[in-house]
Amino acid sequence: MANFSNQDVMKLREQTGVGMMDCKKALMATDGNFEEAIKYLREKGMASAAKKADRVAAEGLVTCYVSDDKKTGVMVEVNCETDFVARSDQFVAFLNNVVKQVVASKAKDVDALLKEKFVGDKSKTLNDLVAEAVATIGEKISVRRFEKFALSKSGVIDSYIHMGGKIGVLVELSTTATDKESLVELAHNLAMQIAASKPTVIAIENVNPTALAAEKEILTNQAINEGRPQKIIEKMVEGRINKYYKEVCLLEQEYVRDSSLAIKQVIAQCEQKVGAKITVTRFARYEMGEGIEKRVDNFVDEIAQQLSTLK
């Protein structure tokens, strides 16, 4: 039997970025020789994953899954380095595996999700699948974030994907209405609205008081700087705050498919049709790569720097 410990397996995993099971196999195949195990993994094309860990993965896809009964909805963002890879069958297959995991999982964050046994193969964790995908695809792959909505009471969940995976939205509605077709249509239209108009909260009462106070201060100072008389500044600020509400609050927004209606009126029309109150319980919007600083190579500066070292 090969002479190595669990600590050796962990050390090999940390140094190579390869999954635990594959590290164990490598040590078994090399009789516990650490350096030979690294060589073994490199020859198998797996240890290259570690070399890609410091690259920037700012491309990728957002995808959604909603169960047939409209009671469970999942949204996932997985990143890679290039848009070309994001469109490949291998990347899409990996993304779909992540979706399957989230649907079955009770994990609250990505770290916990990655440590779970993969639903499609209990001998591997999702982390192992990431390492395998990196080795196969040849780019850094990162499971960035996920959302999972699950209804325990009456209502529906629906989703919308824009631009083939650049933007994704999940919407959950709560209602006692039984007209499922009308409810799903409304949820889908709201998802499209959220994709286009980027609200941050559902209603006025959901606006963060601190953010609202800061906005009022900014608007007041703007009016003062415009030289407005003090007696009309308050009314101006009130009008601009109402405009702010229409930007950040879903229910106050102008409907993108009919500018004569606010979203709250669109919902009211559906309520009248189905004969019951409808509440937007929650929504989530992902824009692929948002907040990730993409690497921009300046080849002129790079060449100049290299030449300066030769002097």
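Residues numbered from 1 in each chain as written. Predicted model: local features only at pLDDT ≥ 70, side-chain atom pairs only at ≥ 80, totals over all residues. Heavy atoms only, no water.

1. A short note on the side chain of Thr-175
Under the convention used in this document: Going along the chain from the N terminus, every DSSP run of H or I of four or more residues is numbered as a helix, and every run of E of two or more is numbered as a strand. Exposure categories follow from relative accessible area, calculated using a 1.4 Å probe and restricted to protein chains: below 20% of the type maximum is buried, above 50% is exposed, and the middle band is partly exposed. Whenever two N or O atoms come within 3.5 Å, that pair is a polar contact, provided that in protein one can donate a hydrogen and the other can accept it, and provided that, for residues adjacent in sequence, both atoms are side-chain atoms. In what follows, a contact means two residues having at least one pair of non-hydrogen atoms within 4.5 Å.
Position of Thr-175 relative to the elements: it lies in strand β7 (residues 167–175). Thr-175 gets classed as buried once you look at its relative accessible area, which sits at 4%. At a separation of 3.0 Å, a polar atom in the side chain of Thr-175 contacts the main-chain amide nitrogen of Ala-177. Those residues within four positions of Thr-175 in sequence are excluded, and the remaining contacts are Ser-154, Gly-155, Leu-183, Ala-276, Lys-277 and Ile-278.

2. Observations concerning the packing of helix α10 (residues 209–225) against helix α11 (residues 230–248)
Note the threshold: Axis lines are fitted through C-alpha atoms, for helices just across the contact stretch, and the angle between N-to-C directions can take any value from 0 to 180 degrees. Roughly parallel covers angles under 35 degrees, roughly antiparallel covers those over 145, roughly perpendicular covers 65 to 115, and oblique covers all other angles. Each helix crossing is assigned a hand: it is left-handed if the near helix lies turned anticlockwise from the far helix by less than a right angle, otherwise right-handed if that turn is clockwise. Nonpolar residues are Ala, Val, Leu, Ile, Met, Phe, Trp, Tyr, Cys and Pro. Charged residues are Asp, Glu, Lys and Arg, and all others, Gly as well, are polar.
Close contact between α10 and α11 brings their axes to 9 Å; oriented N to C, the two are set at 130 degrees. By the angle between their axes, α10 is oblique relative to α11. In this structure, α10 crosses over α11, and the sense of that crossing is right-handed. Together, Ala-211, Leu-212, Glu-215, Lys-216, Leu-219, Thr-220, Gln-222, Ala-223 and Ile-224 of α10 and Ile-233, Met-236, Val-237, Arg-240, Ile-241, Tyr-244 and Tyr-245 of α11 make up the contact between the two elements. The residue makeup of the contact of α10 with α11, split by class, is eleven nonpolar, two polar and three charged.

3. Remarks on the nonpolar core
General note: in soluble globular proteins, nonpolar side chains tend to be found buried as a group. Where we set the bar: To form a nonpolar core, buried Ala, Val, Leu, Ile, Met, Phe, Trp, Tyr and Cys residues must be joined to one another through side-chain atoms within 4.5 Å.
Judged by nonpolar contacts, the single largest core of 30 residues is most densely connected at Val-171, Leu-173, Leu-186, Leu-190, Ile-267, Ile-278 and Val-280. With eight residues, the top contributor of residues to this core is helix α9 (residues 180–197). Residues within four places of Leu-186 in sequence aside, it is in contact with Leu-173, Val-266, Ile-267, Cys-270 and Ile-278. Grouped together as the second largest cluster of nonpolar side chains are 27 residues, Val-98, Ala-107, Leu-114 and Phe-146 included.

4. Things to note about the side chain of Lys-70
Following the sequence through the fold, Lys-70 ends up in the loop between β1 (59–66) and β2 (72–80). Lys-70 has contacts with Leu-151, Gly-155, Val-156, Ile-157, Asp-158, Lys-180 and Val-184, leaving out every residue within four places of it along the chain.

5. Digging into the sheet that holds strand β5 (residues 142–150)
The pairing of strands in a sheet comes from backbone hydrogen bonds and takes either a parallel or an antiparallel form. Worth spelling out the cut-off: For two strands to count as paired, DSSP must find a minimum of two bridges between them.
Taken in spatial order, the three strands of this open sheet run β1-β2-β5, and their pairing is antiparallel. Taken across any chain shown, the strands that pair with only one partner, and hence form the sheet edges, are β1 and β5. With strand direction ignored, the average angle separating the axes of adjacent strands in the sheet is 10 degrees. With eight bridges connecting them, β2 and β5 associate as antiparallel partners. Residue pairing for β5: Val-78 is matched across the bridge by Val-143.

6. Side note on the pairing of β1
By the criterion of burial, β1 is predominantly enclosed, with seven of the eight residues buried. Across eight bridges, the pairing between β1 and β2 is antiparallel. Bridge pairing in β2 links Cys-64 to Met-75. Counting the residues that bridge the hairpin from β1 to β2 gives five residues, and of these Lys-70 lies at a positive phi of roughly 65 degrees.

7. Considerations on the sheet that holds strand β8 (residues 278–287)
Strand order across the open sheet formed by three strands is β6-β7-β8, with antiparallel pairing between neighbours. Each edge of the open sheet carries a strand with a single partner, namely β6 (155–162) and β8. Sheet twist, expressed as the average angle between the axes of neighbouring strands with direction ignored, equals 15 degrees. Here β6 pairs with β7 via eight bridges, running antiparallel. Paired with Ile-157 across the strands is Glu-172, a residue of β7.

8. Focus on the packing of helix α2 (residues 20–29) against helix α3 (residues 34–43)
For the pair α2 and α3, the least separation of the axes is 8 Å and the interaxial angle reads 120 degrees. One way to sum up the angle between α2 and α3 is to call them oblique. Judged by the twist between their axes, the crossing of α2 over α3 is right-handed. Taken together, the residues of α3 that come into contact with α2 (itself represented by Asp-22, Cys-23, Ala-26, Leu-27 and Ala-29) are Phe-34, Ala-37, Tyr-40 and Leu-41.

9. Topic: the pattern of salt bridges
To be explicit about the condition: Any Lys or Arg side-chain nitrogen found within 4 Å of a carboxyl oxygen on Asp or Glu counts as a salt bridge.
Counted according to the given criterion, the structure contains 14 salt bridges. Among the salt bridges present, the one from Asp-158 reaches Lys-70, with a minimum N-O distance of 3.0 Å. One end of the pair, Asp-158, is in strand β6; the other, Lys-70, is in the loop between β1 and β2, with 88 residues separating them in the sequence. The burial state of Asp-158 is the same as that of Lys-70; both residues are buried. One salt bridge connects Arg-240 with Glu-226, and the closest N-O pair in it is separated by 3.2 Å. Of this pair, Arg-240 sits in helix α11 while Glu-226 sits in the loop between α10 and α11, placing them 14 residues apart in sequence.

10. Side note on α11
We apply this condition: Working rule for helices: expected span equals 1.5 Å times residues minus one.
In a regular helix each residue adds 1.5 Å, so 19 residues correspond to 27 Å; α11 covers 27 Å between its end C-alpha atoms and thus fits that length. Every buried residue belonging to α11 is among Ile-233, Met-236, Val-237, Ile-241, Tyr-244, Tyr-245 and Val-248, and all of these are buried. Where α11 is buried, its residues meet α10.

On their own, these measurements won't tell you what the molecule is for.
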